[in-house]
Amino acid sequence: MMRTLLMCMLLYVAPAAFGQVSIGVRGGYNASNVEISGNAPAGMGIGKGYMKPLHSWHADFLLNIPLMERLYLQPYIRYIRKGAVIRDQYAGKSDLSGMLITKGTRLELDYLELPLNIVYKLPVGRGHLVGGVGPYVGYGIRGKYSFTMERDGEEVSRDFRKVQFSGKADDNLAVIRMAPWEAGAHLSVGYEFFSSVNIAVNCNIGLTDTDRSELTRSRNQYVGLSVGFLFNREDY
């Protein structure tokens, strides 16, 4: 998978050999969530409205390719942890007294992403105001689903299961299975200083279903804050 993404990056570099290309690194914070729609049976699976943001991180390797005055192509490889924190789903019921109840706590998903942004840079102050938009594709590398076992409101044990990234559908609610590939839209707004330091706020909106269950539909989404540095700057 990594080899495929690197080859895609190289394909972008080839036409840019006629321009002045910069490379850069970037990293930062992101708050991600999983948008769930559909109808799972009550009390089973992860239901709609039970997710809240997972606070995590990302790291980028990017290219800055001039296309024309103020317009650039910025493809990059991003390693990112997505997912969500899972709220309590069960209200205490008398008929569940004495029974072991499974409660999900966190869904953590590591992805490699390849966003392809068209970026416009507007001179403002001691640098450039930067806005970018474009598509992205992502591939799931690994993931885990954390949960607790409780009896009468008291925690008995805590454990996790690995997420299975697979293109095969399965409605076994005891297994967390997700599609390995996803795609969507990526937007960013930021500022590049003449010192080559840059900051950006970015938003990622998943448009494809990552849930292998036929009962529900899940889409990844996140907002993030990045700080980075562009090397070999020759575009100013």
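What counts and how
Residues numbered from 1 in each chain as written. Predicted model: local features only at pLDDT ≥ 70, side-chain atom pairs only at ≥ 80, totals over all residues. Heavy atoms only, no water. Helix = DSSP H or I, 4+ residues; strand = E, 2+ residues; numbered from the N terminus. Buried < 20%, exposed > 50% of the residue type's maximum accessible area, 1.4 Å probe, protein only. Polar contact = N/O pair within 3.5 Å; in protein donor to acceptor, adjacent residues only side chain to side chain. Pairing = 2+ DSSP bridges. Phe/Tyr/Trp six-rings, centres within 6.5 Å; stacked < 30°, edge-to-face > 60°. Lys NZ or Arg CZ within 6 Å of the ring centre and 35° of its normal. Core = buried A, V, L, I, M, F, W, Y, C linked by side-chain atoms within 4.5 Å. Contact = heavy atoms within 4.5 Å.

A. Spatial organisation of the side chain of Glu-113. By secondary structure assignment, the location of Glu-113 is in strand 5 (residues 100-124). Judged by relative accessible area, Glu-113 falls into the buried class, the value being 0%. There is a polar contact of 3.3 Å between the side chain of Glu-113 and the side chain of Asn-204.

B. Quick peek at the environment of Arg-212. Position of Arg-212 relative to the elements: it lies in the loop between strand 11 (197-206) and strand 12 (216-231). Judged by its relative accessible area of 19%, Arg-212 falls in the buried class.

C. Here's a closer look at the pairing of strand 4 (residues 71-86). Here strand 4 lies mainly inside the structure; 13 of its 16 residues are buried. Sheet analysis places strand 2 (residues 51-52) next to strand 4, joined by two bridges and oriented antiparallel. Pairing of Lys-52 across the sheet is with Val-85, part of strand 4. Both strand 3 (residues 54-68) and strand 4 contribute to a ladder of eight bridges, which runs antiparallel. Of the residues in strand 4, the one forming a bridge with Phe-61 is Ile-77. Counting the residues that bridge the hairpin from strand 3 to strand 4 gives two residues, and of these Arg-70 lies at a positive phi of roughly 70°.

D. Fine view of the packing of aromatic side chains. According to the stated counting rule, one finds six aromatic pairs in the structure shown. Look at Tyr-111 and Phe-165: their rings are 5.8 Å apart centre to centre, the planes differ by 80°, and that puts the pair in the edge-to-face class. In this pair, Tyr-111 sits in strand 5 while Phe-165 sits in strand 8 (residues 164-165), placing the two residues 54 residues apart along the sequence. Above the plane of the ring of Tyr-76 lies Arg-26, whose end atom (NZ or CZ) is 4.7 Å from the centre. Lying over the aromatic face of Tyr-72, Lys-121 brings its terminal NZ or CZ to 4.1 Å of the ring centre.

E. Seen up close, the nonpolar core. Membership of the largest hydrophobic core comes to 17 residues, with the highest contact counts inside it found for Leu-107, Leu-109 and Val-163. Those elements giving two or more residues to this core turn out to be strand 1 (22-38), strand 4, strand 5 and strand 6 (127-151). With residues up to four places along the chain from it excluded, the contact list for Leu-107 reads Val-34, Leu-54, Lys-82, Gly-83, Ala-84, Ile-86, Lys-144, Tyr-145, Val-163 and Ile-176.

F. Highlighting the environment of Asn-204. Structurally, Asn-204 is set in strand 11. Considered as a pair, Asn-204 and Leu-187 are 17 residues apart in the sequence and their alpha carbons are 6.5 Å apart. For Asn-204, the residues in contact, after removing those within four places along its chain, are Lys-82, Glu-113, Tyr-136, Ala-185, His-186, Asn-220, Gln-221 and Tyr-222. Only 3.4 Å separates the side chain of Asn-204 from the side chain of His-186, close enough to count as a polar contact.

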